[in-house]
Amino acid sequence: MANLFDRKLGKTLIDPVPTGPGIYRIYCSDSKLIYVGKAKNLKRRLGQYKNAKRQKKHRKMKKIVQEGARIEIETCESELEAILLETRIIQEYRPKWNVVGAFYFLYPLVGMKTQGGITSFCYTTEPSLFQDFELHGAFRSRYITREAFFALMRLLPYLGHRLSRGEVGGGV
């Protein structure tokens, strides 16, 4: 007897899938995007969905497959490109099974603005406070994002000079 994945999505779906990095999109029967994922190896990752067991750690995979009706894959040049594409799609479409991206407000953003020859930067989880900034993110790891942001802040004095909030005119 065929497993759930084979019945829902087809026994031969994985056969032509490449082994390189990329993303996969899973749609329900009314063609609504319900999940997007990234993989270093697309074939291996989709194989994990196909072979998901009745274990707690596979519960989400099984539910996504139960609801899924179609999978699309998109190859990428690198794992980094796949991660960035996955993040953009999650932020734009907010698929119901992508909890990390759907709750973007829990994750940090990094912003930049230039006004009157002064460039300002921000690190925030509240984008509404920085509406005039060009924001990038939301990033999955608060720790890595914070470390990268403050490393950049430590390097910037070598490129220019730092102004206090008073010199800039206050600030958040």
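Residues numbered from 1 in each chain as written. Predicted model: local features only at pLDDT ≥ 70, side-chain atom pairs only at ≥ 80, totals over all residues. Heavy atoms only, no water.

Engineer: How should the overall build of the chain be read in this particular structure?
Structural biologist: Tallying secondary structure elements over the chain gives seven helices and six strands in all. The long-range fraction of contacts in the chain, counting pairs at least 24 apart against all pairs at least 6 apart in sequence, stands at 59%. Surface exposure of the chain reaches about 11300 Å², of which carbon and sulfur atoms provide 53%. (Helix = DSSP H or I, 4+ residues; strand = E, 2+ residues; numbered from the N terminus. Contact = heavy atoms within 4.5 Å. Areas by Shrake-Rupley, 256 points an atom, 1.4 Å probe, with all protein chains shown as cover.)

Engineer: Got a minute to help me understand helix 2 (residues 42-50) in this structure?
Structural biologist: For an α-helix, 3.6 residues make a turn, and residues three or four places apart therefore share a direction. Inspection of helix 2 places Leu42, Leu46, Gly47 and Tyr49 among the buried residues, and these make up the whole buried set. Looking down the long axis of helix 2, one finds its buried residues gathered within 150° of arc, a one-sided arrangement. Close packing links the buried residues of helix 2 with helix 1 (4-9), strand 1 (22-27), strand 2 (33-39), helix 3 (59-67) and strand 3 (70-75). Sitting at the amino-terminal end of helix 2 is Asn41, which places a side-chain oxygen 3.1 Å from the backbone nitrogen of Lys43. (Buried < 20%, exposed > 50% of the residue type's maximum accessible area, 1.4 Å probe, protein only. Arc of directions from axis to C-beta. Polar contact = N/O pair within 3.5 Å; in protein donor to acceptor, adjacent residues only side chain to side chain.)

Engineer: Can you walk me through the sheet that holds strand 3 in this structure?
Structural biologist: By definition, the strands of a sheet pair up through backbone hydrogen bonds, in either a parallel or an antiparallel sense. Strand order in this open sheet of three strands is 2-1-3, and the pairing throughout is antiparallel. In this open sheet, the two strands that pair with only one neighbour each are strand 2 and strand 3. For this sheet the average axis-to-axis angle between neighbouring strands, irrespective of direction, equals 20°. Of the strand pairs in this sheet, strand 1 and strand 2 are connected by six bridges, and their pairing is antiparallel. Across the sheet, Gly22 pairs through a bridge with Ala39, a residue of strand 2. Together, strand 1, strand 2 and strand 3 form the strand contacts of helix 2, whose direction differs from that of strand 1 by roughly 35°. Against the sheet, helix 3 makes contact with strand 1 and strand 2, and its axis sits at roughly 130° relative to strand 2, the strand it touches most. (Pairing = 2+ DSSP bridges. Axes fitted to C-alpha atoms, helices over the stretch in contact; angles between N-to-C directions.)

None of the figures reported here should be taken as evidence of function without further support.
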